[in-house]
Structure formats: C-alpha cells, structure tokens
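Take a look at the letters that make up each chain.
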Amino acid sequence: MDTARQYQFVVFGASGFTGQFVVEELARVLDGAEFRESRLRWAVAGRNQKRLEDVLSWAAERLSKPQLKLEVGIIICDVSDPPSLDEMCKKASVVLDCVGPYRFFGEPVIKSCVENGAHCVDISGEPQFLEGMYAKYNSQAAENGVYIVGSTGFDSIPADMGVLFTRNRLQGTLTAVESILTFKTGPSGTCIHDGTWQSAIHGIADQGNLKKLRKQLACKPLPVVGKKLKKRGALFYANEVGQYAIPFLGADASVVRRTQRFLHEHHEETPVQYSAYTAVGGIGSAIKLIFAGLLFVLLTKFSFGRKLMIKYPKFFSFGYFSSEGPTQQQMDESSFDMTFFGEGYSKGKDPQQGKPDLKICTQVSGPEAGYVSTPIAMVQAAVTILKEPGSLPKGGGVFTPGAAFSKTKLIERLDKAGLHFKVISTLDA
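Just so it is clear, the model here is predicted, and its values are computed rather than measured. Counting starts from 1 at the beginning of each chain's written sequence and moves along it residue by residue. The predicted nature of this model means local features are confined to residues of pLDDT at least 70 and side-chain atom pairs, given and counted, to a pLDDT of 80 or more, with totals for whole chains, interfaces and linings taken over all residues. To get the side-chain values, all heavy atoms of the structure are used, and hydrogens and water are removed first.

Enquirer: Could you give me a rundown of the sheet that holds strand β15 (residues 397-399), with the residues and numbers involved?
Expert: Spatial ordering of the open sheet is given by β3-β2-β1-β4-β5-β6-β15, a layout of seven strands whose pairing is parallel. Looking along the sheet, the strands with just one partner apiece sit at the ends: β3 (73-76) and β15. Across this sheet, the average inter-strand angle for adjacent strands is 20°, counted without regard to direction. Contacts are residue-level and defined by heavy atoms, with any inter-residue pair within 4.5 Å sufficient. Helix axes are fitted only over the stretch in contact, all axes being lines through C-alpha atoms; the angle between N-to-C directions runs from 0 to 180 degrees. For the purposes of this entry, the term helix denotes a DSSP run of H or I that reaches at least four residues, the term strand denotes a run of E that reaches at least two, and both are numbered from the N terminus. Each of β1 (7-12), β2 (42-46), β3 and β4 (92-97) touches helix α4 (residues 82-91); the most contacted strand, β4, lies at about 125° to it. Pairing between two strands requires that DSSP report at least two bridges joining them.

Enquirer: Let's hear about the UniProt feature "transmembrane region" (unreviewed entry) in the protein: which residues, and what values?
Expert: Per the UniProt record, "transmembrane region" (unreviewed entry) is found at residues 274-299. Here residues 274-299 is 65% helix and 31% strand, with 30 Å between the C-alpha atoms at its ends. UniProt positions are given in the numbering used here, feature names are shortened, and annotations may be inferred rather than shown by experiment.

Enquirer: Requested: an account of the layout of surface pockets, with residues and values cited.
Expert: A cavity, in this analysis, means grid points on a 1 Å lattice covering only the protein atoms where a 1.4 Å probe fits yet has no way out; a pocket is instead an open set bounded by protein on both sides within 12 Å along at least five of seven lines, and a residue lines either one if it has an atom within 4 Å of a point. Grid points are joined across faces, edges and corners, and a volume is the space filled by probe spheres set on the points. One number sums up the size of the second largest pocket: a volume of about 1100 Å³. If you go around the second largest pocket, you meet 42 residues; those closest to its centre are L222, R257, R258, Q260 and R261. Only α7 (127-144), α10 (207-217), α11 (252-267), β11 (273-281), β15 and α17 (401-405) provide two or more residues apiece to the lining of the second largest pocket. At nine residues, the largest contribution of residues to the lining of the second largest pocket is made by α11. Classes in brief: Ala, Val, Leu, Ile, Met, Phe, Trp, Tyr, Cys and Pro nonpolar; Asp, Glu, Lys and Arg charged; the others, Gly included, polar. Among the residues forming the lining of the second largest pocket, the class breakdown is 19 nonpolar, 12 polar and 11 charged.

Enquirer: So what's going on with the pairing of β3? Residues and values would help.
Expert: Here β3 shows one buried face, formed by G73 and I75, and one open face, formed by I74 and I76. Judged from the four bridges that link them, β2 and β3 form a sheet pairing that is parallel. Bridged to G46 within β3 is I76. Here the term buried applies to any residue with accessible area under 20% of the maximum for its type, exposed to any over 50%, and partly exposed to those in between, with areas from a 1.4 Å probe on protein chains only.

Enquirer: I'd like to hear about a nonpolar patch on the surface, residue by residue, with values.
Expert: Like charges within 9 Å and nonpolar side chains (Val, Leu, Ile, Met, Phe, Trp, Tyr) within 5 Å are joined into patches, using only residues over 30% in relative accessible area that form no salt bridge. For the area figures, the Shrake-Rupley method with a 1.4 Å probe applies, and any residue is considered shielded solely by the protein chains shown. A pairing counts as a salt bridge when a side-chain nitrogen of Lys or Arg comes within 4 Å of a carboxyl oxygen of Asp or Glu. Together, L298, F302, F304, L308, Y312 and F315 line one region of the surface with nonpolar side chains, adding up to about 640 Å² of accessible area. Within the secondary structure, F315 sits in helix α14 (residues 313-316). Take F315: its relative accessible area is 63%, and that puts it in the exposed class.

Enquirer: Describe the pattern of salt bridges, and please don't skip the residues or the numbers.
Expert: Oppositely charged side chains may form a pair once their charged atoms are brought near each other. A complete count under the given rule lists 18 salt bridges for this structure. Between K50 and D54 there is a salt bridge, and its shortest N-O distance comes to 3.0 Å. Remark: D54 and K50 occur in helix α2 (residues 49-62); sequence separation between them is four residues, near one turn of the helix. Accessibility expressed as a relative area gives 36% for D54, which makes it partly exposed. The residue K65 makes a salt bridge to E71 at a minimum N-O spacing of 3.3 Å. For K65, a relative accessible area of 10% gives the class buried.

Enquirer: Kindly report on the nonpolar core, identifying the contributing residues and their values.
Expert: If you look at the biggest cluster of nonpolar residues, it comprises 102 residues, and the most contacted ones within it are F9, F12, W42 and M88. In terms of residue count, helix α16 (residues 369-387) provides more of this core than any other element does, 10 residues in total. Aside from chain neighbours lying at most four places away, what touches W42 is Y7, F9, V11, V23, L26, A27, L30, L68, E71, V72 and G73. Nine residue types can take part in a nonpolar core, namely buried Ala, Val, Leu, Ile, Met, Phe, Trp, Tyr and Cys, and a core is a set of them joined through side-chain atoms within 4.5 Å. If you look at the next biggest cluster of nonpolar residues, it comprises seven residues, including W197, M309, F316 and F321.

Here you go:
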C-alpha cells in the first residue's frame, strides 16, 4: 500500500449530507480486522473547521469510538481555491470526492488530483461530467500514474459490477443483459437529498451538450455479438418483477457501455449489450410518474422553471426530494434489489450463429441506496485502489468502476461489506 503520503484517504466534502455517511463508513472499515493493525492515516476536508469537527463528533458517537476525533486529520480547502486543493491532494493517496453537483464542482478536484499524484473516486451519476473528464484528463492521468474512477456509488457500482458478476458466473459467453431495479421502503416512506435532484435538473437541461461531447469523442459503435437486445418501451409491465417499469434515468447504461468498450478494446473481451430499467409499482404509481415526468421535462427547458424546482424540491418532486434528506428511520427501513436477466451461448458455440442457448438470473441487493449503499461502495472502491494496485489497469487513467476493478476482488469486498451478489438461476434457453 502507498503509505508515503501523510494521509492514505481524504474525504473531501465530509460535512455534506452524503459526505458525513462516507466518513462514518470509512471509520468503520478502517477499524475492522483488515486494517486495525495497519494504522492507516486519514483526514476529512472541507471549507469549515467547525462543521468538520462536528462530523467527526457525530461519527464518533454513532460508532461509539470517542477517540475518532483525535485520530482523524482535518484539512481546510475549497473547490474554488485551487492552491488549497493542491495542498490537499499532495497529502492524499486517495481522495474520496463527495462534493456535487459534479458538473459544477468536480473538475477542479480531478485536475488537482491528476497534477499532484492523488488517486480519486467520486459518486457522480452525471454522464456528461463523467465522459467529459475522460476526454479531458485520461491521457494526463495515465502519464502520471493516477487512477480517477467515477460513479463509485449507487450510480453505478451495482450495475457495472453486477454485469461483470453475471458474465463471470455464466458457463459460456454472455452477450446481453437487462437489469430491473426495485426499491423497498417501510411505513415512513422514502426521501432523497436535493443534491441529487439538482444534478438531475441540470443534466436533463444540458442533454444537447452531452450529445455534442459524444460526437467529439467519436467512438466507434461496439460490435453486436449474439442476438440483438431489443429496447423496451418508455413504460411497460415487467412480468419478471410484477410491476410497471421505465428505463433507468441515471448513469448506469452509459457507464456499463464505457466499461464494455474498455474491456473489448484492451482485453479483447466479448462486449455485453445492456439495458437498465426501474420498477415503479402499480398502475396508479405509473400514471403519477408520467405526469411528474412530463412536468419535470417541461420545467427544465426554462431557466425560471429550473430555479423553481431547485428552490422548492419537495413540492415539485411530490415529496421524494428535500433539502433535509431522509430520516434515519427511512434509511433503516429501505433497501434495493437490482436483478439481472442475462442470455448467452454455451462454451464452444459461435455467438454469431443461431439463438442464445443459455440464460442466467443474478441479483445485487443492499441497504438504502443513497446514503448507506453508496458510502459502502465508495469506500470499498477507494480501499481497492490502495490494496490492489497490481490488479488495476496498468499505468492509470480515467475509468469506470468495471474498467478499473474487473480484475480485482472488489465484488468480494462489497459482498462482505453489505452489497450482496448472488446467482438466482441458470438454465438452458
């Protein structure tokens, strides 16, 4: 492990809503059996000394570890102050960047990490940011031996690593996968912090620039191996889960495509076609969702509409997003299942000849997605960079989780930490 720097891990944005849970999870992991004797050093970073001290006190109380406040360093820096970011990155082996929306605050952190030799993981679910950072910094990161790994939270660790898990468990060649995401909530319902809401608003409003970026990248289409995967409708009844479903609106599909491109181009692996969907419940929920979606798309077209939605997230999201975020009870009662339905060809059979003759169903499941599963995923991604450098792609660069970690033990780490991977069934088609 890289122990030459002052801190092995630095949580940047530690006093934010998500950052506080990342701090708690990192403290829990570093106090576990794997690291207890390692005496790794870590720090929290942000703009306000008092808020950072409060986060450490909060985490110390939740973990019943009063000495935490004495063990963890504090770094004062601001995303708008590049020299302060440089000082942070010079001290860190791995930066866990929790400051979003990343389209506004992410690039200065990546730039500083690349220039100062710190690896970085983030939890962005913003395709334009993720792909833009690849276009701008991949070459320089590779030259400097720095690993920049985006979307290491709920977007898109379960989807990206879930596809790889499915591929690894099929006794043949996997050619296509659909995933259907289902959320479970308790009597107190659910809520998401409005930082995610803001990212979604700006992302939808700026889709035109994402298309321009992809044209500039000029990537050749991946070859379609095996039977072509048909896209489902904008709203359909998914018999597999007994609910209506829609295409998943996050970064999963774009992240998985980038992973499959990397594995195909660098390791000559068969690219897997992928589509991501989310279950939304019964017909009543589907109708409500259609109305909310139309209103959302309409308002994002106008500056005043975006300002209104950002100012009143709870009203315009029908209570699903708020500036307060979920309560502890809501998080304790929530969980998710992401089920993968794959098809492929048995060993020795040419995927370009005939229909698929194998099917597989796998699942990734975990606790509340945004503020329990996301910190688990992010921390394990950061740990993997530090613990398994020889299993990462040679040299460095800007990667998706699957591209960075396909040869590591990340899936095993996630499974032990609470994000569970399992095979439900395999059968002949």
